Amino acid sequence: MLSQYHIEIMLASLGGRFSPRAMSVITHANINQDRIAGQFGHDEYHFDNNAFDKSYAYIEEQRAFAISSLRSGNADAAWQAFGRLLHTAQDFYAHSNYITLWLSRFDPSTGLGHAAPPPPPEVDPMDPSLIHSPDLRSGKVYYPFELLYFVRQLRPLALRILPRDSHAWMNLDSPAQGFKFDYAIQAAVKRTVIEFEITTQGFSEEMRRLFLDGQAGG
Ligand SMILES: [Zn+2]
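Keep in mind that what you see is a predicted model, and the values were worked out from it rather than measured.

1. A short note on the overall build of the chain
Helix and strand counts for the chain come out as 13 helices and 0 strands. The N-to-C order of helical and strand elements in the chain reads α-α-α-α-α-α-α-α-α-α-α-α-α. Rg of the C-alpha trace for the chain: 18 Å, near the compact-globule value of 17 Å for 218 residues, within the 12% margin. Seen through its principal axes, the chain has C-alpha atoms that stretch 55 × 45 × 30 Å. A total of 218 residues make up the chain; the buried ones form 36% of that total. Excluding contacts between residues fewer than 6 apart, the proportion of contacts in the chain whose partners are at least 24 apart in sequence is 70%.

Below, the structure written as structure tokens:
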């Protein structure tokens with residue numbers, strides 16, 4: 001997902017819960033996962049290449065790090081780890097076929113009796129039967145041809161060369177991918193709130209104060 005959409009998701013989901021300073025550190029750590037060094041050999045940052053188990057493990061590892069950092073009074077390290085895990089959680093909806101599977105339930109041709117899918121804000125981001133579906137896939141990154149996709153003029157060429165299970169064909173990284181992008185954004189917003197709740201559920205009052213950096217809400 002492009003950085004501007006990660007930022008939009010952060011503001012829509014967590015804006016107001018944290019101090020501006022905390023929000024800035026969390027958001028920076030989130031979008032920094034898409035730096036060049038974070039793109040190669042780090043499928044677990046982005047749910048690429050069907051690295052589902054590795055990506056879930058990465059989220060939990062960063063969550064544990066955020067919590068232990070907070071226990072030792074290091075809010076800055078906690079915010080950074082939280083930003084990193086949110087990046088991965090948000091990319092799930094842009095890089096897997098979760099949204100496609102969810103929408104296919106409303107496809108009249110499947111005979112389930114629905115004419116149109118509900119609007120994007122009604123997407124369920126955590127349907128267990130889809131999260132554990134044998135049909136769940138994420139885009140494979142085929143180097144070097146995948147790189148052509150990132151040059152706008154070469155995109156048609158990339159799509160001609162790359163197979164349908166590639167990141168180039170499967171991604172919902174921007175509105176250019178069509179109507180499914182709105183569902184990916186809304187699912188990522190809801191998932192971000194869920195990750196916030198999971199992360200903070202066992203917090204003492206002191207940890208909560210430190211994490212939110214003095215904000216009363218959350
Ligand atoms: Zn990413």
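2. Section: the packing of helix H5 (residues 52–71) against helix H6 (residues 75–95)
Two elements in contact, H5 and H6, have axes separated by 8 Å at closest approach and are oriented at 165°. If you check the angle between H5 and H6, you find them roughly antiparallel. The handedness of the crossing between H5 and H6 comes out as left-handed. For the pair H5 and H6, contact is made by Ser55, Tyr58, Ile59, Gln62, Arg63, Phe65, Ala66, Ser69 and Leu70 and by Ala75, Ala77, Ala78, Ala81, Phe82, Arg84, Leu85, Thr88 and Ala89, respectively.

3. Thoughts on H5
Under the 1.5 Å per step criterion, the end-to-end length of H5 is 29 Å for 20 residues, consistent within 8% with the ideal 28 Å. Where H5 is buried, its residues touch helix H4 (43–46), H6, helix H12 (180–200) and helix H13 (205–212).

4. A word on the nonpolar core
Formed by 43 residues in total, the largest nonpolar core has its most connected members in Ile26, Ala78, Trp79, Phe82, Tyr93, Ile99 and Ala184. Within the residue set of this core, elements represented by two or more residues are helix H1 (3–14), helix H2 (20–32), H5, H6, helix H7 (98–104), H12 and H13. In terms of residue count, the dominant contributor to this core is H6 (11 residues). Beyond its immediate stretch of four places on either side in the chain, Phe82 contacts Ile26, Ala66 and Thr199.

Rules of the game
Residues numbered from 1 in each chain as written. Predicted model: local features only at pLDDT ≥ 70, side-chain atom pairs only at ≥ 80, totals over all residues. Helix = DSSP H or I, 4+ residues; strand = E, 2+ residues; numbered from the N terminus. Rg over C-alpha atoms; globule rule 2.2 N^0.38 Å. Buried ≥ 20, exposed ≤ 12 C-beta atoms within 10 Å, placed from the backbone. Contact = placed C-beta atoms within 7 Å. Axes fitted to C-alpha atoms, helices over the stretch in contact; angles between N-to-C directions. Parallel < 35°, antiparallel > 145°, perpendicular 65-115°, else oblique. Left-handed = near helix turned anticlockwise from the far one by under 90°. Expected span 1.5 Å × (residues − 1). Core = buried A, V, L, I, M, F, W, Y, C linked by C-beta atoms within 7 Å.

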